[in-house]
Amino acid sequence: MKLSKQKLPLFVAFVLACFGCSQEHDVKTRSFYLGFTPFPYDISEEAVNYVYDKIETEADIINHHFDNGVPWQEALTGAPFSQAVIDDWNFRKTHTSASLKVYLSVTPINFSRDGLAAYRGAQDNMALPAPWNTYQFNDEPVKTAYLNYCKRSIDFFKPAYFNMAIEANLLFFNNPSLWTNYLEFHTYIYQQLKAIYPDLPIFTSVAGAHLLDGYFGGNDHSLQRLAALQLMDYSDFYAVSFYPYLSGFLGNPYPENTFDELFSISPKPLVIAETGYVAESFTIDVGAGPVSIESDPAKQQNYFKDLLQACEKRKAKFVINFALRDYDQLWEDIGSPNDIGIAWRDSGFYDENGNARPALSTWKEYFSQKYQP
């Protein structure tokens, strides 16, 4: 074929365009942001700065996760929050890189997931003062105060994603007598927030292990799914919190179809609101006696390989690995050898000495890929 001088530039442009398309096609992509909470491994400025610095270079989203109570009275009346809350918020904001998406999570449910969240004042998780210790979720002061708290939180942090209730389905699991009142509250908060922030994704997270058959003895996973789906009626995303070793499987292999089954429960856009897998064995007292969970770095890496592959298949929005580095030093500082916190202590991508684990290479393999929603 002979090309005229007039057609030659068009032909060259066509070839270059096709070559460019081919190069673009060969670039690996991921559909989801990858991030951490800034949970420190020690009570020191060095530890805090270490975590924020690592997040800036190894993540593109940060989760400011508040599971430590609500300033109920101040939120109700419009009074200033305690200086401890203000200092915490300011510190987080000034240390968060502008390059990171912000995912903000708060909750009206206590850490035990069986009642109203504790009071946050000069300290975290303080006892509820009167009359808050008598209120139900659907009482007007509770609804008004929590809505105000969410608004103040959103206006301050300006998040790209907002979780209004952490693992809310566990309230149904732990204290089903409160569920009807909670659903009324949940519906009200969601509808009010969406009216004010129509473009902000607002959702609740659910504990995924309780939705799967075989993960807990005596757990009716079908009933748990129904409760979770009630929450999804007023949630923009299907946000899953998942720690598979904290279940009847302990550190043993989970079923091969776990992610297919878990991710198919709701058709809404998927996010992994928080997750993790321990890389060391530990023993915890769950009330009925000590339970030992056997794990190692290889199990942790295998979990993240499975998870991230499944998230790409499902086109998830983001994935949050809760702990960046093991917090053995913090554990010693606070003197909690038998506290529930041991369940996540060794789930970092860096061990207590700052040595990288194999799971970090899997994380970085995905992180190096171009983000393509």
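In this text, all values refer to a predicted model and were calculated from it rather than measured experimentally.

How each quantity is defined
Residues numbered from 1 in each chain as written. Predicted model: local features only at pLDDT ≥ 70, side-chain atom pairs only at ≥ 80, totals over all residues. Heavy atoms only, no water. Helix = DSSP H or I, 4+ residues; strand = E, 2+ residues; numbered from the N terminus. Rg over C-alpha atoms; globule rule 2.2 N^0.38 Å. Buried < 20%, exposed > 50% of the residue type's maximum accessible area, 1.4 Å probe, protein only. Contact = heavy atoms within 4.5 Å. Areas by Shrake-Rupley, 256 points an atom, 1.4 Å probe, with all protein chains shown as cover. Lys, Arg positive; Asp, Glu negative; His and termini not counted. Charge placed at Lys NZ, Arg CZ, Asp CG, Glu CD. Phe/Tyr/Trp six-rings, centres within 6.5 Å; stacked < 30°, edge-to-face > 60°. Lys NZ or Arg CZ within 6 Å of the ring centre and 35° of its normal. Pairing = 2+ DSSP bridges. Right-handed = clockwise from strand over helix to strand, strands pointing away. Axes fitted to C-alpha atoms, helices over the stretch in contact; angles between N-to-C directions. Parallel < 35°, antiparallel > 145°, perpendicular 65-115°, else oblique. Left-handed = near helix turned anticlockwise from the far one by under 90°. Nonpolar A, V, L, I, M, F, W, Y, C, P; charged D, E, K, R; others polar.

A. Here's a closer look at the overall build of the protein. Within the protein, the regular secondary structure consists of 12 helices and 12 strands. Taken over C-alpha atoms, the radius of gyration comes to 23 Å for the protein, in line with the 21 Å a tight globule of 373 residues would show. If you line up the protein on its principal axes, its C-alpha atoms span 90 × 45 × 45 Å. Out of the 373 residues belonging to the protein, those deemed buried represent 53%. Taking all contacts inside the protein whose residues are at least 6 apart in sequence as the whole, residues at least 24 apart take part in 79%. In the structure as shown, the protein presents an accessible area of about 16,900 Å², 54% of it carried by carbon and sulfur atoms. Put simply, the protein has 29 plus and 44 minus side-chain charges, and the middle of one group is 13 Å from the middle of the other.

B. Main features of the packing of aromatic side chains. Inspection of every chain in the model, using the stated rule, returns 49 aromatic pairs. With a centroid separation of 5.3 Å and an interplanar angle of 40 degrees, the aromatic rings of Trp 89 and Phe 156 are classed as tilted. You can see Trp 89 sitting in helix α4 (residues 83–95) and its partner Phe 156 sitting in helix α5 (residues 140–157), a full 67 residues away along the chain. You can call Trp 89 buried: its relative accessible area is 5%. The ring of Phe 156 carries Lys 93 above its face, with NZ or CZ at 4.4 Å from the centroid. Arg 152 extends its terminal NZ or CZ atom over the ring of Phe 81, reaching a point 3.9 Å from the ring centre.

C. Representation of the pairing of strand β6 (residues 202–207). By the criterion of burial, β6 is predominantly enclosed, with 6 of the 6 residues buried. Alternating residues of β6 divide into Ile 202, Thr 204 and Val 206 and Phe 203, Ser 205 and Ala 207, and every residue in both groups is buried. Note: strand β5 (residues 161–165) against β6, 3 bridges, orientation parallel. When the bridges of β6 are listed, Ala 165 appears paired with Thr 204. Note that β6 and strand β7 (residues 238–242) share 3 bridges and pair parallel. Opposite Val 206, over in β7, you have Val 240 as the bridge partner. Handedness of the β-α-β unit built from β6, helix α8 (residues 221–232) and β7 comes out right-handed.

D. The environment of Phe 36, seen in detail. Along the chain, Phe 36 falls in strand β2 (residues 33–36). With 46 residues separating them along the chain, Phe 36 and Ser 82 place their C-alpha atoms 26 Å apart. In contact with Phe 36, other than residues within four places in its own chain, are Ile 55, Glu 58, Ala 59, Ile 61, Ile 62, Asn 63, Ile 320, Asn 321, Ala 323, Leu 324, Phe 349 and Trp 363.

E. Spatial organisation of the packing of helix α10 (residues 297–314) against helix α12 (residues 358–367). Viewed as axis vectors pointing N to C, α10 and α12 meet at an angle of 20 degrees, and their least axial separation amounts to 7 Å. When the interaxial angle is binned, α10 and α12 end up roughly parallel. Here the hand of the crossing between α10 and α12 comes out right-handed. Along its contact with α10, which presents Pro 297, Gln 300, Gln 301, Phe 304, Lys 305, Leu 308 and Gln 309, the element α12 presents Pro 358, Ala 359, Ser 361, Thr 362, Trp 363 and Tyr 366. Among the residues forming the contact of α10 with α12, the class breakdown is 7 nonpolar, 5 polar and 1 charged.

F. Here's a closer look at the sheet that holds β6. Read around the closed barrel, 8 strands run β2-β3-β4-β5-β6-β7-β8-β11, paired in parallel fashion. Across this sheet, the average inter-strand angle for adjacent strands is 25 degrees, counted without regard to direction. Summarising the sheet, β2 and strand β11 (residues 318–321) pair through 4 bridges and their orientation is parallel. Bridge pairing links Phe 36 to Asn 321 in β11.

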